[in-house]
Structure formats: structure tokens, C-alpha cells
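Architecture and fold: a report
Listed below, chain by chain, are the residues.
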Amino acid sequence: ATFRMLFRGIERNLVHVLQRASPISIDILRRVGLVVDSHSELDLVCYTACLLLFFLMARAGNVFHSDKDSERGLLRKDVHFSEQDMFIRFHRTKTIQFGRRVLVIPIRVNKSIICPVLACRRMIESIPGSRTQSLFLVRRGDTSVPLSKQAFLSHVRVLLSRAGVADPSAFSCHSFRR
């Protein structure tokens with residue numbers, strides 16, 4: 001009993017303080033949408049990824065490709081459009097780890113500056129790629145390469161700064177799920 005009380009006292013003195021990422025809100029997305037340069041492919045790709053992460057409440061690890069795990073990330077063939085909707089297919093998530101089923105999430109067009117369907121259509125039309133390539137491509141010379149999670153976060157912080165958001169470094173990929 002004495003040791004238990006000693007350890008409780010030590011725990012109280014060594015409280016671990018979590019540093020949570022600041023949340024992304026609809027207002028912040030609108031502000032970022034207003035500063036996106038329509039001639040910059042990187043702006044377009046990162047803003048589209050922002051909208052999809054936010055509205056799908058997806059984990060960045062399920063959206064972006066990783067060198068460690070080539071099976072992760074959305075491919076262009078995982079996105080289907082109808083006249084008013086977009087359907088996103090996830091083969092792997094935190095709860096679907098072995099790809100035994102597919103999760104399909106519909107998103108309806110809302111015709112606003114924060115419409116993920118319109119942004120995704122614009123991105124795919126602007127940056128062509130094969131159906132087996134990553135959804136989020138960035139051109140490097142004559143080739144297109146998948147946007148990495150690190151490059152995405154770095155540019156999102158640039159967009160947040162341009163939009164006048166205080167302390168862009170307080171935001172992370174998890175900010176879109178908060």
C-alpha cells in the first residue's frame with residue numbers, strides 16, 4: 001500500500017501535458033480557399049486534400065501514399081463522379097487493415113468555395129494522371145509524383161499563413177479530424 005501511494009504521488013508530479021493540434025474549421029477552410037492561387041498546381045492539390053481530409057474525416061495515412069507502405073493512399077481509380085456526387089473508396093483504414101472490404105463514402109456537390117467535389121474535379125482535370133496513380137499528384141519536370149504527407153503539411157502551413165491564420169505551426173494533419 002505504501003508503494004502504491006508513493007507512485008500516485010509521483011504520477012501527480014509528472015503530469016504529461018498533451019500538445020493538441022489546433023482544429024481546422026469551416027471558416028479557416030473558406031479563408032484558405034480565398035488565397036489559393038488558381039495558377040499554382042501545388043495550391044490546388046493541397047487545398048483539395050484539405051477539403052477531402054476535413055469532409056471525410058480521414059486520416060492522412062489513408063489518403064497520402066507512403067514509401068513504407070505502397071498499399072496506402074487514395075488512387076485516382078478510387079474516386080468516381082456522378083452528376084451531383086463523388087464517391088471515394090477506401091481499401092484500407094484503421095479498422096479495415098487487411099483490405100477484406102471496401103468503404104465507400106459519398107460526397108454531394110455544394111457549389112461553394114469549400115466544395116470538395118468541385119475542387120477534386122478541377123484538380124484531376126488540371127493534373128492528368130493514370131487511374132493507378134496517386135490521387136494527389138505534383139508535377140516535377142516531365143513526371144508527376146505523389147504528394148507526400150510532409151510536403152502537404154508544409155504547404156498547408158504556407159496557405160494558412162497567407163490566409164492570416166495565427167500560428168500556422170500549431171496545425172497538423174490531425175487538425176482536419178478535430
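Structural data are supplied above this passage.
Before going into details, it helps to say that this report is about the structure given with it. (Residues numbered from 1 in each chain as written. Predicted model: local features only at pLDDT ≥ 70, side-chain atom pairs only at ≥ 80, totals over all residues. Heavy atoms only, no water.)

**Some thoughts on the overall build of the protein**
Check the secondary structure of the protein and you find 6 helices and 5 strands. Going residue by residue from the N terminus, the α and β elements of the protein occur as α-α-α-α-β-β-β-α-β-β-α. Expressed as lengths along the three principal axes of its C-alpha atoms, the size of the protein is roughly 70 × 45 × 35 Å. In the protein, once contacts between residues fewer than 6 apart in sequence are set aside, the share between residues at least 24 apart is 57%. Treating the 28 positive side-chain charges of the protein as one cloud and the 14 negative ones as another, the clouds have centres 9 Å apart. (Helix = DSSP H or I, 4+ residues; strand = E, 2+ residues; numbered from the N terminus. Contact = heavy atoms within 4.5 Å. Lys, Arg positive; Asp, Glu negative; His and termini not counted. Charge placed at Lys NZ, Arg CZ, Asp CG, Glu CD.)

**Topic: the packing of aromatic side chains**
In this structure the tally under the stated criterion is 4 aromatic pairs. Seen from their ring centres, F64 and F136 are 5.5 Å apart, and the 45° between their planes marks the pair as tilted. Of this pair, F64 sits in the loop between α4 (60–63) and β1 (79–81) while F136 sits in the loop between α5 (116–126) and β4 (137–140), placing them 72 residues apart in sequence. Accessibility classification places F64 together with F136 in one group, the buried group. Each ring, one from F152 and one from F176, has its centre 6.0 Å from the other, and the planes form 45°; the classification is tilted. In this pair, F152 sits in helix α6 (residues 149–162) while F176 sits in the segment after α6, placing the two residues 24 residues apart along the sequence. Assigned by exposure class, F152 and F176 land together as buried. Grouping aromatic residues by their ring pairs yields a cluster made of F64, F136, F152 and F176. (Phe/Tyr/Trp six-rings, centres within 6.5 Å; stacked < 30°, edge-to-face > 60°. Buried < 20%, exposed > 50% of the residue type's maximum accessible area, 1.4 Å probe, protein only.)

**What about the pairing of strand β5 (residues 143–146)?**
Across 4 bridges, the pairing between β4 and β5 is antiparallel. Looking at the pairing, R139 lines up with S144 of β5. Counting the residues in the hairpin turn of β4 and β5 gives 2 residues, including G141, whose phi is positive at 70°. (Pairing = 2+ DSSP bridges.)

**Describing α6**
Here α6 spans 20 Å end to end across 14 residues, near enough to the 20 Å set by a 1.5 Å rise per residue. All of the buried residues in α6 are F152, L153, H155, V156, L159 and L160. The secondary structure elements touched by the buried residues of α6 are α2 (26–35) and α3 (41–56). In the stretch just after α6, G164 is the one whose phi turns positive, near 80°. (Expected span 1.5 Å × (residues − 1).)

**Description of unusual backbone geometry**
Non-glycine residue M57 carries a positive phi angle of around 50°. Even without being a glycine, K111 presents a positive backbone phi close to 55°. The topology assignment puts K111 in the loop between β3 (103–108) and α5.

**Some words on a nonpolar patch on the surface**
Taken together, the side chains of F3, L6, F7, I10 and L14 present a nonpolar region at the surface, about 570 Å² in accessible area. Inspection of the secondary structure assignment puts F7 in helix α1 (residues 2–13). (Patch = residues over 30% accessible without salt bridge, like charges linked within 9 Å, V, L, I, M, F, W, Y side chains within 5 Å. Areas by Shrake-Rupley, 256 points an atom, 1.4 Å probe, with all protein chains shown as cover. Salt bridge = Lys/Arg side-chain N within 4 Å of Asp/Glu carboxyl O.)

**Regarding the pattern of salt bridges**
Scanning the model with the defined rule gives 4 salt bridges in all. A salt bridge links E41 to R139; the nearest nitrogen and oxygen atoms lie 3.1 Å apart. Remark: R139 occurs in strand β4 and E41 occurs in helix α3; sequence separation between them is 98 residues. Relative accessible area serves as the criterion here: at 28%, E41 is assigned to the partly exposed category. Its relative accessible area of 39% is what places R139 among the partly exposed residues. In this structure, R162 and D43 form a salt bridge, with 2.8 Å as the shortest nitrogen-oxygen distance.

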